[in-house]
Amino acid sequence: MESIILHNIRKYKIPVKYKKILTQFTLELLSLYNTRILLILPSGSCARGDVYENWSDIDLIICLNTYNYADICNIIQLTSKYCIKIGVNIYSKLEMNKLIIDGKTKLFLYYAQEKLIPILMKEESFEIPHINFQKILENDRVVLPGQIHSLKRTDIDNEDSKTLLKKTNLIMKLMLKDKNISPLGYKNVFDYFQLIYDIDLIDIEDIIKKYNYYDHVIKEFVFYFIDNLNIFIEKYTEGLHK
């Protein structure tokens, strides 16, 4: 199994530091749970290959045959030893097969299904459930209002700028999908949003690379985004129910 992991890790276009941590974590996970693990699938920026060092986390979808609360605690504790934050979504085989999974997991399973992203580890007999993209869109339409209202209720002046930018980026991404655009990565989201919604946005790549120095710029952008939400919502809903 180690040789398979080392082979598959080469498919990810991520910095060496991220590859080393992802490899070490995966091998430790397999040593603990062995045949109980059915799937390990990177999601987010690691899967897309648009990692920004010192900004991006490592996000993983993990499917076990079955799990209990102790398993969740053990896996989360295992993530805490690394210098890069590792976020895990843990599912059982039943949850995966019945699609009792969140929207982001559905999206990245769809990407894997369409061979848009590589799979790090899959047990040979395990079948990834079929994901219908239309169902992802329907789920996003349900999620979007909650994300908008969550941002509006945020105390922007006292919120971490990285969290603010991630929240706003998610809303923009959700608004783009119903325009038949499924952007991959921050730059892709911002480029398409500027084009579709006819506005000028911040230079997202420069901001992310030096976000500690651009705290005020990010917060001014989020204020601007909230102030113009009605314009964005009106354009988003054009033709939505036709």
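In what follows, the structure referred to is the one given above.
All values derive from a computational prediction rather than experimental measurement.

The rules behind each value
Residues numbered from 1 in each chain as written. Predicted model: local features only at pLDDT ≥ 70, side-chain atom pairs only at ≥ 80, totals over all residues. Heavy atoms only, no water. Helix = DSSP H or I, 4+ residues; strand = E, 2+ residues; numbered from the N terminus. Contact = heavy atoms within 4.5 Å. Core = buried A, V, L, I, M, F, W, Y, C linked by side-chain atoms within 4.5 Å. Buried < 20%, exposed > 50% of the residue type's maximum accessible area, 1.4 Å probe, protein only. Expected span 1.5 Å × (residues − 1). Bend = angle between axes of the 7 residues up to and from the residue. Polar contact = N/O pair within 3.5 Å; in protein donor to acceptor, adjacent residues only side chain to side chain. Axes fitted to C-alpha atoms, helices over the stretch in contact; angles between N-to-C directions. Parallel < 35°, antiparallel > 145°, perpendicular 65-115°, else oblique. Nonpolar A, V, L, I, M, F, W, Y, C, P; charged D, E, K, R; others polar. Pairing = 2+ DSSP bridges. Right-handed = clockwise from strand over helix to strand, strands pointing away.

1. Concerning the side chain of Ser 43
(1) Moving on: With respect to the helices and strands, the residue Ser 43 is situated in strand 1 (residues 37-43).
(2) Moving on: The contact partners of Ser 43, leaving out residues within four places of it in the chain, are Asp 59, Leu 60, Ile 61, Lys 104 and Phe 108.

2. Quick look at the nonpolar core
(1) Moving on: Ranked by size, the top nonpolar core spans 34 residues in total, and within it Leu 165, Met 172, Met 175, Phe 190, Phe 193, Phe 221 and Phe 225 carry the most contacts.
(2) Moving on: Listing elements by their share of this core, those giving two or more residues are helix 7 (133-152), helix 8 (161-177), helix 9 (186-197), helix 10 (204-209), helix 11 (215-227) and helix 12 (229-237).
(3) Moving on: It is helix 8 that contributes the most residues to this core, 7 residues altogether.
(4) Moving on: Apart from the residues within four sequence positions on either side, Met 172 is in contact with Val 189, Phe 190, Phe 193, Leu 201, Phe 221 and Phe 225.

3. Topic: helix 7
(1) Moving on: The first and last C-alpha atoms of helix 7 sit 28 Å apart over 20 residues, in line with the 28 Å expected at 1.5 Å per residue.
(2) Moving on: Along its length, helix 7 shows its largest kink, about 30 degrees, at Val 143, and proline Pro 145 lies within four residues downstream of that point.
(3) Moving on: Where helix 7 is buried, its residues touch helix 6 (103-113), helix 8, helix 11 and helix 12.
(4) Moving on: Two or three places before Gln 134, at the opening of helix 7, Asn 132 has a side-chain oxygen 2.7 Å from that residue's backbone nitrogen.

4. With respect to unusual backbone geometry
(1) Moving on: Here Lys 115, not a glycine, exhibits a phi torsion of approximately 60 degrees, which is positive.
(2) Moving on: Overall, Lys 115 belongs to the exposed group, its relative accessible area being 72%.
(3) Moving on: Positive phi outside glycine occurs at Asp 198, with the angle close to 55 degrees.
(4) Moving on: Examined against the element boundaries, Asp 198 turns out to sit in the loop between helix 9 and helix 10.

5. With respect to the packing of helix 7 against helix 12
(1) Moving on: One can describe the packing of helix 7 onto helix 12 by two numbers: an axis separation of 13 Å at closest approach and a directional angle of 175 degrees. In terms of orientation, helix 7 lies roughly antiparallel with respect to helix 12. Contact residues: helix 7 offers Arg 141, Leu 144, Ile 148 and Lys 152, while helix 12 offers Leu 229, Ile 233 and Tyr 236.
(2) Moving on: Counted by class, the contact of helix 7 with helix 12 contains 5 nonpolar, no polar and 2 charged residues.

6. Details of the environment of Leu 29
(1) Moving on: You can see Leu 29 is positioned in helix 2 (residues 16-33).
(2) Moving on: As a C-alpha pair, Leu 29 and Leu 78 span 49 residues in sequence and 8.2 Å in three-dimensional space.
(3) Moving on: In this structure Leu 29 touches Asn 34, Ile 37, Ile 40, Ile 62, Ile 75 and Leu 78, once residues within four positions along its chain are discounted.

7. Quick word on the pairing of strand 3 (residues 86-92)
(1) Moving on: Buried residues dominate strand 3, accounting for 6 of its 7 residues.
(2) Moving on: The pairing of strand 2 (residues 58-64) with strand 3 spans 7 bridges and is classified as parallel. What sits directly across from Leu 60, in strand 3, is Val 88.
(3) Moving on: Since strand 2 and strand 3 lie parallel, the crossover through helix 4 (residues 69-79) that links them has a hand, and here it is right-handed.

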